Amino acid sequence: MTAALTAGAAVRTTPYLRLLTVTQFAFNIGFYAVLPYLATHLGTGLGMAGWLVGLVLGLRTFSQQGLFVVGGALTDRYGPRPVVLVGCALRIAGFGWLAFAGSTVSVIGAVVLIGFAAALFSPAVESETARESVRYEQDTGTPRAQVLAVFSAAGQAGAFIGPLLGSLLLLLGAGFRAACLAGALVFVGVLAGHARLMPRRAPVTRTAESRGSVREVFGNRPFLLLCLAYSSYLIAYNQLYLSLPAEVAEATGGQAAVGWLFALSSLLVVCAQLPLTRWAARRVAPRTALVTGLGIVAAGFAAVPLTPGGPAGLLPGATLVALLTLGQMLLVPAARGLVPDLVDDRRLGLATGALSSVSGLAVLGGSAATGALLQAPGPVRWAVLAAVPLAGAALALTLPVGANGKRERRAGVGDT
């Protein structure tokens, strides 16, 4: 936490940007205090069959990522404040419901509510952060990528601390119910903070122009190319949940070390995100950072069959995690920073949600295809996986360079 939040002070952001950053930190604490232990609770605690556990987890992901575009559109229509407040309230209700859910129907209802709450909350907060980072860049000259990197690092710090909170509660014998209620309590604090501090914004008048916003965003060719390039990263990142455990199990005979590799990823982001982004923001254009990040992710997959086993056979997996995380630290702030350059400011919430929704659908399809690769020979599997972010890098090369993207489009470059 100290690395991420004190870095926000080093960048000297505005009070509103600090509120949004702390929000992301708290959001991930509450979320990850519960999520890592949900599958075990459903299977062991409630006795659900494995396929049903998978279905419940899939429904949670779909109700979140798949509906981000809804949260983004509502943010553009009503402003971020009411959408964030409703999202917090639904997340509190969802965690409270899940704490006492005992039947399949009630569990499904609770996890869908939790996912939909995030589909409201996250696009509103992320689009506000992108909008404010552009404004801050115009006012101070500080690259927007540095502000967005603080936001990303704060989220990773929350993702690191949240499971520790959940583990502590479980070790103390408080159980899964206590973890859910602790997560709900975190969101009570987030709700109270935003109700007091988040500015009000006048709703957008519904006109024929605003009703055509979905068509405008999804008809924007450069933005769709960004979505596809970003999707290649998320498909690659999803291999931390699919191919990495298989690699660790093959190398060590079990999956106990997977948790340590996840901790390595979070710590790398918390410690290195800000220095890396500060360096990149002043030396490379956002498009270059995006392309380079995707290339590094591809190198991580290509390196697995070439890396010696090392101590306990974990060196290939650790190499993959390190390079994938390094690429992520370069490309995620760059991709988010490009969104305001590619879409109208009035469509920023919708576009932010669409970026996640399109990527989530790509991951849904890509996971099935990459899952089939688990039976393929190692070199073939890792080569195919490396080709995915490389294809994304090729798409990213067609995007505008960076902060002058809107000016270029208005001049006729990259028109849809």
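Residues numbered from 1 in each chain as written. Predicted model: local features only at pLDDT ≥ 70, side-chain atom pairs only at ≥ 80, totals over all residues. Heavy atoms only, no water.

**Considerations on the environment of L67**
Within the secondary structure, L67 sits in the loop between α4 (50-65) and α5 (68-78). Residue L67 is classed as partly exposed on the basis of its relative accessible area of 25%. Separated by 293 residues in sequence, L67 and G360 place their C-alpha atoms 9.5 Å apart. Not counting chain neighbours up to four residues away, the residues in contact with L67 comprise F62, F116, A119 and S357. (Helix = DSSP H or I, 4+ residues; strand = E, 2+ residues; numbered from the N terminus. Buried < 20%, exposed > 50% of the residue type's maximum accessible area, 1.4 Å probe, protein only. Contact = heavy atoms within 4.5 Å.)

**Notes on the pattern of salt bridges**
All told, the structure shown has four salt bridges when counted by the stated rule. Here E128 and R131 are joined by a salt bridge, their closest N and O atoms 2.7 Å apart. A residue pair is termed a helical-turn pair when its members lie 3 or 4 positions apart in one helix, as E128 and R131 do in helix α7 (residues 104-140) at three residues. Considered together, E128 and R131 belong to a single accessibility category, that of buried residues. For the salt bridge of R144 with E137, the shortest nitrogen-to-oxygen distance reads 2.8 Å. Because the salt bridges share partners, they merge into one network encompassing E137, R144 and D341. (Salt bridge = Lys/Arg side-chain N within 4 Å of Asp/Glu carboxyl O.)

**Notes on the packing of helix α6 (residues 80-100) against helix α9 (residues 175-197)**
Packing of α6 against α9 leaves a shortest axis separation of 8 Å and a crossing angle of 165°. Relative to α9, the element α6 lies roughly antiparallel. For α6 against α9, the interelement crossing comes out left-handed. The residues of α9 that touch α6, namely those facing R81, V84, L85, C88, R91, I92, F95, L98, A99 and F100, are F176, R177, C180, L181, G183, A184, F187, V188, V190, L191, H194 and A195. Among the residues making up the contact of α6 with α9, the classes are represented as 17 nonpolar, two polar and three charged. (Axes fitted to C-alpha atoms, helices over the stretch in contact; angles between N-to-C directions. Parallel < 35°, antiparallel > 145°, perpendicular 65-115°, else oblique. Left-handed = near helix turned anticlockwise from the far one by under 90°. Nonpolar A, V, L, I, M, F, W, Y, C, P; charged D, E, K, R; others polar.)

**Describing the side chain of T325**
Tracing the sequence through the fold places T325 in helix α16 (residues 315-342). For T325, a relative accessible area of 1% corresponds to the buried category.

**A short note on empty space enclosed by the protein**
Applying the stated criterion to the full structure yields one cavity of 30 Å³ or more. By volume, the largest cavity amounts to about 60 Å³. Here the residues of the lining of the largest cavity sort into eight nonpolar, no polar and one charged. (1 Å grid on protein atoms, 1.4 Å probe; cavity = no way out; pocket = protein on both sides within 12 Å on 5 of 7 lines; lining within 4 Å. Points joined across faces, edges and corners; volume = space filled by probe spheres on them.)

**Here's the deal with helix α13 (residues 243-252)**
Where α13 is concerned, the buried positions are S243, L244, P245, E247 and V248. Note on α13: the residue one or two positions beyond its end, G253, has a positive phi of about 85°.

**Thoughts on the packing of α13 against helix α18 (residues 378-396)**
Two elements in contact, α13 and α18, have axes whose closest approach is 13 Å; the angle formed by their N-to-C orientations is 155°. What the angle tells us is that α13 and α18 run roughly antiparallel. α13 and α18 meet at a crossing whose hand is left-handed. Residues S243, E247 and E250 of α13 pack against R381, W382 and L385 of α18. The class makeup of the residues in the contact of α13 with α18 is two nonpolar, one polar and three charged.

**Looking at the layout of surface pockets**
A probe matching the size of a water molecule, rolled over the atoms, marks out where space remains unfilled. Here the second largest pocket defines a volume of roughly 250 Å³. As for the second largest pocket, its lining consists of 18 residues, of which P143, A145, A281, V284 and P286 are closest to the centre. Elements supplying a minimum of two residues to the lining of the second largest pocket: α8 (144-171), α14 (258-283), α15 (286-303) and α16. Residue composition of the lining of the second largest pocket, grouped by class: 13 nonpolar, two polar and three charged.

**Thoughts on the packing of aromatic side chains**
All chains considered together, the criterion is met by six aromatic pairs. Aromatic side chains F27 and F121 sit 4.5 Å apart centroid to centroid with 10° between the ring planes, which places their arrangement in the stacked category. Residue F27 is located in helix α2 (residues 15-32), and its partner F121 is located in helix α7; the two are separated by 94 residues in the primary sequence. Pair check on accessibility: F27 and F121 agree, each one buried. One aromatic cluster is present, built from ring pairs that chain together F27, F95, F121 and F187. (Phe/Tyr/Trp six-rings, centres within 6.5 Å; stacked < 30°, edge-to-face > 60°.)

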